[in-house]
Amino acid sequence: MESLRLIDEWPVDNATAGVVSASGEVRGHHGDPARLFRLASVTKLLTAYTAHIAIEEGVVELDTPAGPEGSTVAHLLAHTSGLAFDAHKAMAEPGTRRLYSNAGFEELADALAEHSGIAFAEYQREGLFEPLGMTSTHLEGSPAAGAVSTLDDLLRFAAELQAPKLLAPETLNAATAIAFPGLNGVLPGFGHQKPNDWGLGFEIRDHKSPHWTGANSSPRTFGHFGQSGTFLWVDPEAGHACVGLADRSFGPWAAQVWPPFTDAVLAELSA
């Protein structure tokens, strides 16, 4: 795919990108697909998926209490627990505001470990990474932002997000639908959004503006970006997913180049 070559124009030292279809076909990639990158908050997609695997295995349920008083697993996944961004401190009542929270995903992983009796990183490796053949992916720190991975591995994961083998399709459909609709909040790096729609672990494009995906991305597009210069989106209307990895921290450069890159990818796919 020629559109993927646009990453050569990004102001970064190293970058790689690829596209995978809903059938699992890698339509193209550019850059080193085996290079390790820090994922930052793209880690949350892996943590959320692990949580949904645990829910299907009966370890917890969406309404299992977790996090601050009155909060549940669902609240933590949807950033509506009321926890602060990086502090394990309640700032609002659960379900009343969309407060993006790293602490919430750390408490989510703690709850999964407590209820399963297995360390979160081990549960994730056995339940997600090994079955998908993500041999280069591992969690080095926080389950909110501590994973490292490669393009090859994340394209495998992006294929799973379109045609799940580890989850029932209806579970993934529910996870990528709007949870606790109508809540406002800040999308990190892109300001206050009304509403700030989110699924159960997945950020949803809807009609947010500005946004890190493209102007032509469908409202159903879901995924995540990371402060390390990484992103993964799935556009169900386009029938494809895209992964972009770089080694420069997120900033104005990313907000400038990612949306036209996405639009170029979508245009090539629809041509």
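Structure first, text after, so check above.
Note that the structure is predicted; figures quoted are calculated from it, not measured. (Residues numbered from 1 in each chain as written. Predicted model: local features only at pLDDT ≥ 70, side-chain atom pairs only at ≥ 80, totals over all residues. Heavy atoms only, no water.)

1. Points about unusual backbone geometry
Note the cut-off: The helix and strand labels rest on DSSP assignments: H or I over at least four residues marks a helix, E over at least two residues marks a strand, and numbering proceeds from the N terminus.
The omega angle of the peptide bond from Lys194 to Pro195 is -5°, so this bond is cis rather than trans. Here Pro195 shows up in the loop between β7 (191–193) and β8 (203–204). In the segment running from Ser209 into Pro210, the intervening peptide bond is cis, with an omega of 0°. Relative to the assigned elements, Pro210 resides in the loop between β8 and β9 (222–226). Of note in the backbone geometry, His79 takes a positive phi value of approximately 60° without being a glycine.

2. So, the pairing of strand β11 (residues 240–246)
If a strand is regular, its side chains alternate between the two faces of the sheet. As a reminder of what qualifies: Between buried and exposed lies partly exposed: a residue is buried under 20% and exposed over 50% of the maximum accessible area for its type, with that area taken using a 1.4 Å probe on protein chains only. Pairing between two strands is assigned when DSSP locates at least 2 bridges connecting them.
Burial runs high along β11: seven of the seven residues are buried. Where burial is concerned, the two faces of β11 agree: the one with His240, Cys242, Gly244 and Ala246 and the one with Ala241, Val243 and Leu245 are both buried. The sheet contact formed by strand β1 (residues 15–21) and β11 spans seven bridges and is antiparallel. Paired with Gly18 across the bridge in β11 is Val243.

3. Observations concerning the sheet that holds strand β2 (residues 26–30)
Note: strands within a sheet are paired through backbone hydrogen bonds, in either parallel or antiparallel orientation. A sheet is described by the order of its strands in space; here six strands give the open sequence β2-β1-β11-β10-β9-β8, paired in antiparallel fashion. For this open sheet the edge positions go to β2 and β8, each flanked by a neighbour on one side alone. Two elements, strand β10 (residues 230–235) and β11, share six bridges in a ladder whose sense is antiparallel. Bridge pairing links Leu232 to Val243 in β11.

4. Observations regarding the packing of helix α1 (residues 43–56) against helix α3 (residues 102–116)
Which entries qualify depends on this criterion: Note on method: axes are straight lines fitted to C-alpha atoms, helices fitted across the in-contact stretch only, with angles between N-to-C directions ranging 0 to 180 degrees. Handedness of a crossing follows from how the near helix is turned relative to the far one, being left-handed for an anticlockwise turn of less than a right angle and right-handed for a clockwise one. Contacts were defined at the residue level, with two residues in contact if any of their heavy atoms lie within 4.5 Å. Gly counts as polar in this scheme, as do all residues outside two lists: the nonpolar Ala, Val, Leu, Ile, Met, Phe, Trp, Tyr, Cys and Pro, and the charged Asp, Glu, Lys and Arg.
Contact geometry of α1 with α3 gives a least axis separation of 11 Å together with a crossing angle of 35°. The hand of the α1/α3 crossing is left-handed. Here Lys44, Thr47, Ala48, Ala51 and Ala54 of α1 come into contact with α3, specifically with Asn102, Phe105, Leu108 and Leu112. The class makeup of the residues in the contact of α1 with α3 is six nonpolar, two polar and one charged.

5. Topic: α3
The line we're drawing: The span you would expect from a helix comes to 1.5 Å times its residue count less one. Nitrogen and oxygen atoms within 3.5 Å of one another constitute a polar contact, given that in protein one can donate a hydrogen and the other can accept it, and given that sequence-neighbouring residues count only through two side-chain atoms.
The first and last C-alpha atoms of α3 sit 21 Å apart over 15 residues, in line with the 21 Å expected at 1.5 Å per residue. Looking only at α3, the buried set comprises Asn102, Ala103, Gly104, Phe105, Glu107, Leu108, Ala109, Ala111 and Leu112. The backbone nitrogen of Ala103 has a side-chain oxygen 3.3 Å away, supplied by the residue at the start of α3, namely Ser101. Where α3 ends, the next residue or the one after it, Gly117, has phi of about 75°, a positive value.

6. Things to note about the side chain of Thr72
Tracing the backbone shows Thr72 in the loop between α1 and α2 (73–77). Here His75 takes part through its side chain, which lies 3.0 Å from a polar atom of the side chain of Thr72. Those residues in contact with Thr72 that lie beyond four places of it in its chain are Leu62, Asp63, Thr64, Pro65 and Ala66.

7. Focus: α1
Note on helix geometry: an α-helix contains 3.6 residues per turn, so any two residues three or four positions apart are oriented the same way. Compared with an ideal rise of 1.5 Å per residue, which puts 14 residues at 20 Å, α1 spans 20 Å between its outermost C-alpha atoms and is within 8% of the ideal. Counting buried positions along α1 gives 12 out of 14 residues, so the element sits mostly inside the fold. Three or more residues of α1 are buried, namely Thr43, Lys44, Leu45, Leu46, Thr47, Ala48, Tyr49, Thr50, Ala51, His52, Ile53 and Ala54.

8. Section: the pairing of β10
Of all six residues making up β10, six are buried, and the element is well covered by its neighbours. A two-sided burial pattern is seen for β10, the buried positions comprising Thr230, Leu232 and Val234 on one face and Phe231, Trp233 and Asp235 on the other. Taken together, the five bridges between β9 and β10 define a ladder with antiparallel strand orientation. Within β10, the residue paired with Phe222 across the bridge is Val234. Adjacent in sequence and paired antiparallel, β10 and β11 are bridged by four residues, among which Gly239 carries a positive phi angle near 70°.

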